Amino acid sequence: MFAEVVVDIKSSNTDRVYTYRIPEGMDIKVGMRVSVPFNNRFIEGYVISTTDKASYSVDKIKDIHRILDSYSIFDEKMIELAKWMKEYYKCYFSEALQTIMPVGIKQGEKKVKVVKINIDEIPFQLSKRAPKQYEILQYLKNRSPIRLSELVKVLNIDYGVIRSLQNKGYIEIYEEEVLRFSVKDIEKTKPLLLTEEQQKAVEEVKSSILTGTFDKYLLFGVTGSGKTEVYLQLIDEAIKIGKSAIVLVPEISLTPQTIERFVSRFGNRVAVIHSGLSPGERFDEWRKVKNGLVDVVVGVRNAVFAPFNNLGLIIIDEEHETTYKQSDLRPKYNAKEVAEKRCEIEKAVLVMASATPSLETYYKANKGEYKLIRLTKRINVSMPQIEVVNMSEELASGNTSIFSRKLFSYIKENLKRKEQTILFLNRRGYSSFVSCRDCGYVPKCPNCDISLTYHFEDKKLVCHYCGYEETMKETCPKCGSKRIRYLGIGTERVENDIKKFFPNARVLRMDVDTTRKKGSHEKIFYDFRNGKADILIGTQMISKGFDIPNVTLVGVILADITLNLPDFRSSERTFQLLTQVAGRAGRGEKPGRVVIQTYEDDHYSIVTAKQQNYVKFYNEEIKYREIFRYPPFSHLMNIVISGEEEEEVKNTAANTYLTCQKLINKLQNKSYNKILGPAPAPISKINNRYRWQVILKSEDRNILTEIAEEIQKMKYPKDIRIAVDIDPLNIM
Ligand SMILES: Nc1ncnc2c1ncn2[C@@H]1O[C@H](COP(=O)(O)OP(=O)(O)OP(=O)(O)O)[C@@H](O)[C@H]1O
Ligand SMILES: [Zn+2]
Ligand SMILES: [Zn+2]
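Residues numbered from 1 in each chain as written. Chains lettered and ligands numbered in written order. Predicted model: local features only at pLDDT ≥ 70, side-chain atom pairs only at ≥ 80, totals over all residues. Heavy atoms only, no water.

Another aspect to go through is the packing of helix 1 (residues 76-89) against helix 2 (residues 93-100). Between helix 1 and helix 2, the shortest axis-to-axis distance is 8 Å and the interhelical angle comes to 130°. For the element pair helix 1 / helix 2, the angle class is oblique. For the crossing formed where helix 1 meets helix 2, the hand is right-handed. Contact residues: helix 1 offers Met-78, Leu-81, Ala-82, Lys-83, Met-85 and Lys-86, while helix 2 offers Phe-93, Ala-96, Leu-97, Thr-99 and Ile-100. Class assignment for the residues of the contact of helix 1 with helix 2 results in eight nonpolar, one polar and two charged. (Axes fitted to C-alpha atoms, helices over the stretch in contact; angles between N-to-C directions. Helix = DSSP H or I, 4+ residues; strand = E, 2+ residues; numbered from the N terminus. Parallel < 35°, antiparallel > 145°, perpendicular 65-115°, else oblique. Left-handed = near helix turned anticlockwise from the far one by under 90°. Contact = heavy atoms within 4.5 Å. Nonpolar A, V, L, I, M, F, W, Y, C, P; charged D, E, K, R; others polar.)

On to the sheet that holds strand 15 (residues 371-375), then. Ordered in space as 11-12-10-13-14-9-15, the seven strands form an open sheet in which the pairing is parallel. Two strands lie at the open edges of the sheet, namely strand 11 (270-273) and strand 15, each paired on one side alone. Each neighbouring strand pair of the sheet contributes to a mean axis angle of 15°, computed without reference to strand direction. The pairing of strand 13 (residues 311-316) with strand 14 (residues 349-354) spans four bridges and is classified as parallel. (Pairing = 2+ DSSP bridges.)

Take the coordination of the zinc ion (ligand 2) next. At this site the zinc ion (ligand 2) is bound by Cys-436 (SG), Cys-439 (SG), Cys-476 (SG) and Cys-479 (SG), with donor distances of 2.3 to 2.4 Å. Geometry at the zinc ion (ligand 2) is tetrahedral, judged from its four donor atoms and the angles of 106 to 112° they form at the metal. For the zinc ion (ligand 2), the single-chain donor residues occur in sequence as C-x2-C-x36-C-x2-C. Within this pair, whereas Cys-436 is found in strand 18 (residues 431-436), its partner Cys-476 is found in the loop between strand 21 (469-471) and strand 22 (484-489), the two being separated by 40 residues in sequence. (Donors = N, O, S within 2.8 Å, 3.2 Å for Na, K, Ca; no water. Tetrahedral: all angles 85-135°; square planar, octahedral: opposite > 155°, others 65-115°.)

To continue, consider the domain arrangement of the protein chain. According to the domain assignment, the protein chain consists of domain 1 (1-101), domain 2 (110-175), domain 3 (194-373), domain 4 (383-429 + 488-623), domain 5 (430-486) and domain 6 (633-724). Computed from C-alpha atoms alone, the centre-to-centre distance between domain 4 and domain 5 is 26 Å. Across the boundary between the two partners, domain 4 contributes 12 residues, which contact 10 residues of domain 5. Contact between domain 4 and domain 5 buries roughly 890 Å² in total, counting both sides, with carbon and sulfur atoms accounting for 43%. By the criterion of area lost to domain 5, the three top residues of domain 4 are Arg-428, Gly-488 and Glu-492, representing 52% of everything that side buries. In this assembly, domain 4 and domain 5 are joined by zero salt bridges. With four residues, helix 15 (residues 491-501) is the largest single contributor of residues to the side of domain 4 that touches domain 5. For the side of domain 4 that touches domain 5, the class distribution of residues is one nonpolar, four polar and seven charged. (Domains from an automatic or database assignment. Buried area = accessible area lost by both parts, 1.4 Å probe. Salt bridge = Lys/Arg side-chain N within 4 Å of Asp/Glu carboxyl O.)

Let us now look at the UniProt feature "domain: Helicase ATP-binding" (unreviewed entry) in the protein chain. Taking the numbering used here, the UniProt-annotated feature "domain: Helicase ATP-binding" (unreviewed entry) corresponds to residues 208-375. Annotated as 36% helix and 21% strand, the span residues 208-375 places its first and last C-alpha atoms 19 Å apart. (UniProt positions renumbered as here; feature names shortened; annotations may be inferred.)

Among the nonpolar cores identified, the biggest contains 89 residues, and Phe-74, Phe-305, Ile-314 and Leu-536 are the most heavily contacted of them. Here this core takes seven residues from helix 1, the largest share from any one element. Once you skip the residues sitting within four places of it in the chain, Phe-305 turns out to touch Met-78, Leu-81, Met-85, Thr-99, Ile-100, Tyr-333, Val-338 and Arg-342. One finds Ala-201, Tyr-231, Leu-313 and Val-351 within the second-largest nonpolar core, a separate group that totals 32 residues. (Core = buried A, V, L, I, M, F, W, Y, C linked by side-chain atoms within 4.5 Å. Buried < 20%, exposed > 50% of the residue type's maximum accessible area, 1.4 Å probe, protein only.)

The next subject is the environment of Thr-361. Secondary-structure assignment places Thr-361 in helix 12 (residues 359-366). Assessed through its relative accessible area of 4%, Thr-361 is described here as buried. As a C-alpha pair, Thr-361 and His-320 span 41 residues in sequence and 8.2 Å in three-dimensional space. Polar contacts involving the side chain of Thr-361 include one to the side chain of Glu-319, which spans 2.8 Å. (Polar contact = N/O pair within 3.5 Å; in protein donor to acceptor, adjacent residues only side chain to side chain.)

If you want it as structure tokens, here you go:
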């Protein structure tokens, strides 16, 4: 017998299938990881099929050296999915397989530390003497035994505290290899009685699940319309007939609250995959799925590869989110597309859901490619009331603060009423740049072509691309002037000003800077939900997944930041963000209010967001896309050429442009094709590497993939890197 093997070498010459002999007695199965001889060494390979006929002269064929795991990693369907990814994203076969494979598999099995509480009564005096220990014991009370790593993460504690609890005999820590963790900690919830709209949605999708038909749905439901309950009941239907489900959630809305909702319904039949897991932990979750210990996986992008063998349903929550696209590593896949392909292969049902569907998805729904299901009403509460304030009018009437008079008075009222407020601004730091009032000097990053952001707390200037830092100087390094101007506000500035105007308000801030430490994201969220703060200030991290009844006011400090990004999707992004953050207000019994501050109050993104009218926004935006032939009327491909020598990068970009032109002519296609560039990328230098780009637009995606293949096969100067992204979601 022979095996067809894909080898783990990343080059276009080795990107093919090699034949090896299966030695007598070696129990090789399709999908196994093996070690094979290759050019006088052993390398890793993946068996993608077996055969009894060798494809070339038998005496030249080498033996498989050994099997690496005791079981198959890929089943036939997953191998088919990998083949599709290789073709669709133009990556190597081994890259596609390794994307599907769980990280952590190479480390092998491992034990995990588990914490168990040893006492029934928690000594009350601890609450005063050692409040942290008390908090831990309280937490463990109904949850133990749980993983130590989980405890540390959720409560943000250091091991010293754990050790003292252990020394006192209050807790016990031991190693366990079992994968099953009881989640009896969370109270079980029963299915809710559905509203009429929810009921209709469930019935329709359910019929596809029961018949095992590859159907695609767009569940278009306003914020707070109860989409999650629909998911839960659909999953339940799938489980009832012995099938399993995957729920994809964007990283930032994979909050404890979201996880809780699934775990409280399905208990320990749920595995959760978030990016905070170590490779070993990820592998554990993967094995739970593989061994049939769970029916549901809730997770980020790569959860789409969860190795179920009886998949019934994939749900993509917040389908408009860009984090479903892998934009740095190869293959640059989009989990939405992969999910669709996987459902096709497995005859499963795809449900994409959003309050603000991406233009592409809604366009397809209009054409009938996806079945459209609408949820038009919030459950028991009304949509928030939205007001727009023009900040230039504020300025004209003498208000120079970052808060309009309206927002200011609403914040004041909310504090008085003890209701909570969310303030949103999509930029972190204090000011987006500083400049000298006398000579106009603006400090920039020496490695990147970008102005430095001022961080007030540690008095530093920081580059948001490469992380470069320098201390803020008191005088201008160019002319010595002391008159420094701070321009462009960030979340830190908002916090600073809120504290100035409302010294008694309890304020929390959630952005990249305050959530670096493991567990801090959860901590801020729980503190806010438990009423430990009156005002939460944050970037887009706070725009989704928050269902906090006492939040009755949402203020958008400056909507223009996203509106003015150099990206053809900036209007869409703005509309989505505004709708999503506005949706955080008034989800409880009390009505919600939203104030959007902007300098462009007549822009259609702002106007339609105020009216909460997605369809009107869509109709405006789609016209513009059609005129300029942007997606969904074309496919884009972004080719970024980078290197340390500017001239070399520029020349290579020019050559790339010519190559593209030649290829398009050669392919003689009647479709619309256009090459943009070569030009410096919007961020023209990152980490001392110059960046140029060539952008291709084509109605025919195949043209793009053929060009991608050719371009990636070509030879380039040593230092030059070529990164190709088909259907990019970000072209900076
Ligand atoms: N049938 C129902 N009966 C009573 N309450 C419900 C029902 N369905 C959902 N809810 C509640 O309504 C609230 C809003 O639901 P949910 O958060 O699922 O909405 P959503 O559409 O996912 O919102 P968003 O897109 O803003 O996150 C939740 O608190 C949920 O528990
Ligand atoms: Zn100066
Ligand atoms: Zn930099």
